[in-house]
Amino acid sequence: MKLFSIFGNPVSHSISPKMHNITINDLNLDACYIRTRIEDPSTLMDTFHAIKLDGANVTVPHKEVALYQSDAVDSFASMIGAVNTLVKKGDKVIGYNTDAPGFYKAIESFGKINNALILGAGGTAKAIATILRDKNIHPTILNRSKNRIDFFLNNDFEAYDWESFDIAKFDLIINTTSAGLSDETLPLQESMLSALMKNAKFAFDVIYNKPTPFLQLAHKNNLTCKDGADMLLYQGVLAFNLFYDNKFNLTQIETSMKKAFKL
Ligand SMILES: NC(=O)c1ccc[n+]([C@@H]2O[C@H](COP(=O)([O-])OP(=O)(O)OC[C@H]3O[C@@H](n4cnc5c(N)ncnc54)[C@H](OP(=O)(O)O)[C@@H]3O)[C@@H](O)[C@H]2O)c1
């Protein structure tokens, strides 16, 4: 039997076990997906080996630690600086990032996008900025404070803090901050966000299952909107296929995993 887990802290809210176990069941596989709370990040890979996992997904706040503790890292995950999927291959554990392609798949339904403004500069912003640049969509990063924009400036991204930013025209505005997750705040001053939205076409919030103040304002400005549910779905679909050496049809996995969002 294969054993998989979600690693994070907290993990009680995660729907990954539901997404993966439904798919395992639908595909008649001999496997199980559990949840494991990792309190001490330094124990992440020891825990992977101790419970004899074949694969794991990694969520907040361990994605960077997972990268450093992997035996080898896929080149794209290495560029992003974060790993959200671990796969055992022989006696090695390989790190991947499926958040980035998951996000890109989620915005495909928007159609043509030339440039995007990313609000926030954490791990999710790194993944999104990297995949957008890879797909020739120019990303600009805007963060509340200065510290975290150094990673972006050092990697030749256009990045600003609130002080240094001037309003410009962006097709897509993405909220990667946790503003609105457990409060009712916007990720940027309302006047500035409204001005940006007046010139935009699309809005994406990585938070899912909640009409955040960001998405409500985007609706008011008649933007085409999406929350983070599809990003979560597609990162799971891609991770599942990595667990099984890409042998399944992605649409088949997607159909099963989608059921978890309706339960
Ligand atoms: N849908 C999905 O599949 C998916 C996948 C991955 C992550 N997520 C979600 O993405 C969110 C961010 O995750 P992360 O790992 O990137 O977090 P993180 O590394 O902690 O980064 C958070 C960023 O948000 C900014 N921020 C936080 N609160 C803010 C506020 N009230 N106003 C303005 N800026 C604020 C921070 O700015 P400072 O630097 O100034 O502190 C920082 O740049 C989480 O809610 C996570 O659940 C969703």
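Note that the structure is predicted; figures quoted are calculated from it, not measured. (Residues numbered from 1 in each chain as written. Predicted model: local features only at pLDDT ≥ 70, side-chain atom pairs only at ≥ 80, totals over all residues. Heavy atoms only, no water.)

**Points about the site of the ligand**
- Of all residues adjacent to the ligand, which total 22 residues, the nearest are Ala121, Thr124, Asn143, Ser145 and Val206.
- Asn143 is positioned with one of its side-chain polar atoms (N or O) 2.8 Å from an oxygen atom of the ligand.
- Arg148 places a polar side-chain atom, nitrogen or oxygen, 2.9 Å from an oxygen atom of the ligand.
- Contact with the protein chains covers 80% of the free accessible surface of the ligand, which is 940 Å².
- In this structure, the shell around the ligand is formed jointly by two domains, domain 1 (2-97 + 232-262) and domain 2 (101-227), each of which donates at least three residues. (Near = heavy atom within 4 Å. Polar contact = N/O pair within 3.5 Å; in protein donor to acceptor, adjacent residues only side chain to side chain. Areas by Shrake-Rupley, 256 points an atom, 1.4 Å probe, with all protein chains shown as cover. Domains from an automatic or database assignment.)

**What about the domain arrangement of the protein chain?**
- Each assigned domain of the protein chain is listed here: domain 1 (2-97 + 232-262) and domain 2 (101-227).
- Spacing between the C-alpha centres of domain 1 and domain 2 amounts to 26 Å.
- The interface of domain 1 with domain 2 comprises nine residues on the first partner and 11 residues on the second.
- A per-residue breakdown of the area domain 1 buries against domain 2 is headed by Phe76, Ile80 and Tyr234, which together make up 47% of the total.
- The partner of Glu64 in a salt bridge is Lys126, and the shortest N-O contact between them spans 3.3 Å.
- Scanning the region where domain 1 abuts domain 2 turns up one residue pair in polar contact (both at pLDDT 80 or more).
- For the side of domain 1 that touches domain 2, the secondary structure elements donating two or more residues are helix H4 (75-80) and helix H10 (229-243).
- Looking at the side of domain 1 that touches domain 2 element by element, the count peaks at four residues for H10.
- Here the side of domain 1 that touches domain 2 is composed, by residue class, of six nonpolar, two polar and one charged. (Contact = heavy atoms within 4.5 Å. Buried area = accessible area lost by both parts, 1.4 Å probe. Salt bridge = Lys/Arg side-chain N within 4 Å of Asp/Glu carboxyl O. Helix = DSSP H or I, 4+ residues; strand = E, 2+ residues; numbered from the N terminus. Nonpolar A, V, L, I, M, F, W, Y, C, P; charged D, E, K, R; others polar.)

**Re the pattern of salt bridges**
- Counted by the stated rule, this structure contains eight salt bridges.
- Residues Arg37 and Glu39 are paired through a salt bridge, measuring 3.4 Å at the closest nitrogen-oxygen approach.
- In this structure, Glu184 engages Lys210 in a salt bridge whose closest nitrogen and oxygen atoms are separated by 3.2 Å. Of this pair, Glu184 sits in the loop between strand S10 (172-175) and helix H8 (190-198) while Lys210 sits in the loop between strand S11 (202-205) and helix H9 (213-220); the two residues are 26 residues apart in sequence, bridging distant segments of the chain.
- With a relative accessible area of 57%, Glu184 lands in the exposed category. (Buried < 20%, exposed > 50% of the residue type's maximum accessible area, 1.4 Å probe, protein only.)

**Considering the sheet that holds strand S3 (residues 55-58)**
- One open sheet holds the six strands; their spatial order is S2-S1-S3-S5-S6-S4, and the pairing between them is mixed. Lying at the two open borders of the sheet, with one neighbouring strand each, are strand S2 (31-37) and strand S4 (72-73).
- Both S4 and strand S6 (residues 92-96) contribute to a ladder of two bridges, which runs parallel. Residue pairing in the sheet places Val73 in a bridge with Gly95 of S6. (Pairing = 2+ DSSP bridges.)

**Looking at the side chain of Asp205**
- By the element assignment, Asp205 lies in strand S11.
- Of the side chains with opposite charge, Lys210 lies nearest to the buried Asp205, which makes no salt bridge, at 8.5 Å.
- Within polar-contact distance, the side chain of Asp205 engages the side chain of Asn175 at 3.2 Å.
- Aside from chain neighbours lying at most four places away, what touches Asp205 is Asn175, Thr212, Phe214, Leu215, Lys226, Asp227 and Gly228. (Lys, Arg positive; Asp, Glu negative; His and termini not counted.)

**What about the sheet that holds strand S7 (residues 115-119)?**
- The strand order across the open sheet formed by six strands is S9-S8-S7-S10-S11-S12, and the pairing between neighbours is parallel. The open sheet has two edge strands with one neighbour each: strand S9 (158-161) and strand S12 (224-226). When the angles between neighbouring strand axes are averaged without regard to direction, this sheet yields 15 degrees.
- Here S7 runs beside strand S8 (residues 138-143); their pairing, made up of five bridges, is parallel. (Axes fitted to C-alpha atoms, helices over the stretch in contact; angles between N-to-C directions.)

**A word on the packing of helix H5 (residues 99-107) against H10**
- In contact at an axis separation of 7 Å, H5 and H10 are set at 130 degrees when each is read in the N-to-C sense. As the angle between them shows, H5 and H10 are arranged oblique. The handedness of the crossing between H5 and H10 comes out as right-handed. Contact residues: H5 offers Asp99, Pro101, Gly102, Phe103, Lys105 and Ala106, while H10 offers Asp230, Met231, Tyr234, Gln235 and Leu238.
- Grouping the amino acids of the contact of H5 with H10 by side-chain chemistry returns six nonpolar, two polar and three charged. (Parallel < 35°, antiparallel > 145°, perpendicular 65-115°, else oblique. Left-handed = near helix turned anticlockwise from the far one by under 90°.)

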